[in-house]
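Coordinate analysis (summary)
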Amino acid sequence: MSAEYHEEDVPHVLAVDDNIIDRKLVEKLLKTSSCRVTTAENGMRALEYLGLRENHQQNHCNNNGSKVNMIITDYCMPGMTGYELLQKIKESSVLKDVPVVIMSSENVETRMNECLEMGAQTFMLKPLKLADVKKLRHQLTT
Amino acid sequence: MASVPQLQRQFIEYTTSLHNEGYLDDQFSQLQKLQDESNPDFVVEVVSLYFEDSEKLLNNLATALQQKSVDYKQVDSHVHQFKGSSSSIGAQRVASVCVHFRNFCEEKNLEGCLRCLQQVKQEYILVRNKLEALFGLEQQILQAGGSIPMME
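Procedures and definitions
Residues numbered from 1 in each chain as written. Chains lettered and ligands numbered in written order. Predicted model: local features only at pLDDT ≥ 70, side-chain atom pairs only at ≥ 80, totals over all residues. Heavy atoms only, no water. 1 Å grid on protein atoms, 1.4 Å probe; cavity = no way out; pocket = protein on both sides within 12 Å on 5 of 7 lines; lining within 4 Å. Points joined across faces, edges and corners; volume = space filled by probe spheres on them. Helix = DSSP H or I, 4+ residues; strand = E, 2+ residues; numbered from the N terminus. Nonpolar A, V, L, I, M, F, W, Y, C, P; charged D, E, K, R; others polar. Expected span 1.5 Å × (residues − 1). Buried < 20%, exposed > 50% of the residue type's maximum accessible area, 1.4 Å probe, protein only. Polar contact = N/O pair within 3.5 Å; in protein donor to acceptor, adjacent residues only side chain to side chain. Contact = heavy atoms within 4.5 Å. Buried area = accessible area lost by both parts, 1.4 Å probe. Phe/Tyr/Trp six-rings, centres within 6.5 Å; stacked < 30°, edge-to-face > 60°.

**Section: the layout of surface pockets**
Residues and elements named next belong to chain B. Estimated volume of the second largest pocket: approximately 500 Å³. Lining of the second largest pocket is provided by 18 residues; of these, Gln32, Gln35, Pro40, Glu138 and Ile148 occupy positions nearest its centre. Of all the secondary structure elements, the ones that give two or more residues to the lining of the second largest pocket are helix H2 (26-34), helix H3 (42-66) and helix H6 (110-143). Of the residues forming the lining of the second largest pocket, the biggest block, 4 residues, is contributed by H6. Tallied by class, residues from the lining of the second largest pocket come to 10 nonpolar, 4 polar and 4 charged.

Shown next, in the form of structure tokens:
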């Protein structure tokens, strides 16, 4: 927990990845880039955290009431893919303007295009580098 | 008992050889750069998670390939995970074998898969031993009152 920052100054990012190593890594990359981070291990948990239950019930705030400024999610996840999660977020009147970044270990052009067409802000290749995440962080405040 | 400069030199030489021999790639250096005072054990923590996760995956792979009717999608899914986490920590050789492994999964080639399982296990054990040796060297340096050299 960073005591030096006021809550409003630090972007709050929700990071979604089913791989425990990647989750720890993305969390560290984001924290090093001065973000507050919440992690989720799959799409369902992410939606629950965001206040979007299975069928349309929506809250303005998530469980602990703190707004999410960006969502970064892995593409290949069992159950709900990153693309499907992106879709649900874009369909939500409350969350559609939250930028969503998709990460993938595979550089598949059709995959990238379909995500961008669905409204993803960026598509990033894994493993992520600190420079990429810092750039992302910079984009959040401009 | 080696002196701090001797240990530091050993550390640098060992790290360099691990990179030159392809056991570790730049991603491992990225992990080291993320380690700081607020998280001084970051690399060991991530790598420990990797060891735990990898051992589970290897067991799952062995079991999956022993089935009477092999579910290649399931096998591929495990290999995909293994490739992902290996890439994330910079275990380059393990990740490379995973690529071949996935090809055999797509072909539903049991023999190929079994060969790759052996290979990937070997590469994993190799990199695990080397990383443990590296961490051991780090501990020796710290205990002797020295600091870990920054690698460029």
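**Quick word on helix H1 (residues 20-32) of chain A**
Residues and elements named next belong to chain A. The end-to-end C-alpha separation of H1 is 18 Å, in line with the 18 Å expected for 13 residues at 1.5 Å each. Within the sequence span of H1, burial applies to Ile21, Asp22, Arg23, Leu25, Val26, Lys28, Leu29 and Leu30. The N-cap residue of H1 is Asn19: its side-chain oxygen and the backbone nitrogen of Ile21 are 2.9 Å apart. Trailing H1 by a residue or two, Ser34 shows a phi angle of about 60 degrees, which is positive.

**Examining the interface of chain B and chain A**
Often the size quoted for an interface is simply the accessible area lost on bringing the parts together. Of the residues lining the interface, 22 residues belong to chain B; the matching set on chain A comes to 17 residues. Around 1700 Å² of area is buried between chain B and chain A when both sides are counted, 60% of it from carbon and sulfur atoms. For the interface between chain B and chain A, the tally reads 7 residue pairs in polar contact (both at pLDDT 80 or more). Of all the elements in the fold, those that place two or more residues in the side of chain B that touches chain A are H2, H3 and helix H4 (72-89) of chain B. Broken down by element, the residue count for the side of chain B that touches chain A peaks at 7 residues, all from H4(B).

**What to know about the packing of aromatic side chains**
Residues and elements named next belong to chain B. Inspection of every chain in the model, using the stated rule, returns 5 aromatic pairs over all chains. Ring centres of Tyr50 and Phe82 lie 6.4 Å apart, and the angle between their planes is 35 degrees; on these two criteria the pair is classed as tilted. Of the two residues, Tyr50 is situated in helix H3 and Phe82 in helix H4; the sequence distance between them amounts to 32 residues. The exposure class of Phe82 is buried, given its relative accessible area of 0%. Aromatic pair Phe51 and Tyr124: ring centres 6.2 Å apart, planes at 80 degrees, arrangement edge-to-face. Taken together, the residues Phe51 in helix H3 and Tyr124 in helix H6 connect sequence positions 73 residues apart.

**A closer look at the side chain of A:Asp18**
Relative to the helices and strands, A:Asp18 resides in the loop between strand E1 (12-16) and H1. Among the polar contacts made by the side chain of A:Asp18, one reaches the side chain of B:Gln81 at a distance of 2.9 Å. Setting aside chain neighbours within four positions, we find A:Asp18 in contact with A:Arg23, A:Glu41, A:Asp74, A:Cys76, A:Met77, A:Pro78 and B:Gln81.

**Some details on unusual backbone geometry**
Residues and elements named next belong to chain A. Going from Lys126 to Pro127, the amide bond is cis rather than trans, its omega being 0 degrees. Along the polypeptide, Pro127 turns up in the loop between strand E5 (122-125) and helix H5 (130-141). A positive phi angle, near 60 degrees, is found at Ser34, a position not held by glycine. Summarising the element assignment, Ser34 is placed in the loop between H1 and strand E2 (36-40).

Remember, this is a structural readout, not a statement about activity or role.
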